[in-house]
Amino acid sequence: MDEFELISRFFKNNGITRKDVNLGIGDDGAVVTIPDNCQLVVTTDTLVSGVHFFPDMDPRALGHRALAVNLSDLAAMGAEPAWISLALTLPKADIHWLEEFTAGMHEIAEYFNVQIIGGDTTQGPLTISVCAKGTVPTGKALTRSGAKNGDWIYVSGPLGDSGVAIEAQKGKHELTPRHLATVKKRFEYPSPRVAAGQVLRGLASAAIDISDGLLADLQHILDLSGVSATINVDKVPVSDVLKEALTPEEYLPYVLSYGDDYELLFTVPEDNKGMLEINLKQYGVDAVCIGQIKGSGGEIELLNNEANFEFRAKGYKHFS
């Protein structure tokens, strides 16, 4: 099939239809209506075969993941997802691969009430670029720049599983089939914290999603907020699977610096702690307090059971 047959079969006539989409797939651009008293939030992520995922990754999981990582960015801004554009570069038009890939993407899009409204398809090395758009009440968007001295630092869920999944598949760790299946699911089917992000509006002072690693992403908040932080390594949540499969010395590097977890990292003023924890639990999110904003200068102090903890790795950076 050619480009236009591909678009018509797998995208134009599939997925949900939102009432706020005035013109979707098939024209030079899409036209949408933004709700009154709201601002548009836009984010873009590119996934490259061999860099962001294994070339033989299950296409259904890949479709889910490609959209989920963008929805996670919207969640970190406190936005409600609405529309996505997809730029898909394929080595060939493999019908079975496309059926599975689009099924995975449409499933998560339907769950979060997101419509695919356009994009592009080209031939070349497998590359997936998603531009996700959402809305947030005017003036209520969460940013990385609002953390203040005394604020408490939270993470929305356990870290490290995705990194262990990647390295186990490379042969670095020998996991039982059950352990490997569990951590692979965290990598292949991340759960963007969309509802939690909306709960954080008006309660959190700063937020970011954990894509490059806890310390690297925390550093972004510190740099833009002009503050420093103390992190209690022993408080950072770790899944039971990692505790069963690896020693603390083995799993802590993944927990602190590997990334690909797509949990939310956020700061909360003292007065908002109680309300925030109650509201998040209503959505099944047991956020954990792992430290506090202290001082200025963008420094991170690590403590483990109240003793200084030395750790050098800071997270993933392209071109480094």
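For the structure itself, look to the data block above.
Residues numbered from 1 in each chain as written. Predicted model: local features only at pLDDT ≥ 70, side-chain atom pairs only at ≥ 80, totals over all residues. Heavy atoms only, no water.

S.K.: Any details on the pattern of salt bridges? Residues and values, ideally.
M.R.: Applying the stated rule across the entire model yields 11 salt bridges. The shortest N-O distance in the salt bridge between glutamate 100 and arginine 60 comes to 3.2 Å. Of the two residues, glutamate 100 is situated in helix H3 (residues 95-111) and arginine 60 in helix H2 (residues 59-76); the sequence distance between them amounts to 40 residues. Taking the relative accessible area as the measure of exposure, glutamate 100 reaches 22% and is therefore partly exposed. Salt-bridge contacts for glutamate 263 lead to arginine 186; the nearest nitrogen and oxygen are separated by 3.4 Å. With glutamate 263 in the loop between helix H9 (248-257) and strand S10 (264-268) and arginine 186 in helix H5 (residues 177-188), this residue pair connects regions lying 77 residues apart in the sequence. (Salt bridge = Lys/Arg side-chain N within 4 Å of Asp/Glu carboxyl O. Helix = DSSP H or I, 4+ residues; strand = E, 2+ residues; numbered from the N terminus. Buried < 20%, exposed > 50% of the residue type's maximum accessible area, 1.4 Å probe, protein only.)

S.K.: Lay out helix H1 (residues 3-12) with the relevant residues and their values.
M.R.: Among all positions in H1, only Leu6, Phe10 and Phe11 are buried. Burial along H1 is one-sided: seen end-on, the buried residues are contained in an arc of 80°. Next to the buried residues of H1 lie strand S4 (80-90), H3 and strand S5 (115-123). (Arc of directions from axis to C-beta. Contact = heavy atoms within 4.5 Å.)

S.K.: Outline the sheet that holds strand S13 (residues 307-308), listing residues and values.
M.R.: Taken together, 7 strands build an open sheet; the order of strands is S8-S10-S7-S11-S9-S12-S13 and the sheet is mixed. Edge positions in the sheet fall to strand S8 (206-209) and S13, since each of these pairs with one other strand and no more. Examined bridge by bridge, strand S9 (residues 229-232) and strand S12 (residues 300-304) share 4 bridges and lie parallel to one another. Looking across to S12, one finds that isoleucine 231 is bridged to leucine 302. Across the sheet, H2 touches S8 and S10, and the angle it forms with S8 is around 175°. Helix-sheet contacts for helix H7 (residues 214-225) involve strand S7 (152-155), S8, S9, S10, strand S11 (288-293) and S12, and the interaxial angle to S8 is about 145°. (Pairing = 2+ DSSP bridges. Axes fitted to C-alpha atoms, helices over the stretch in contact; angles between N-to-C directions.)

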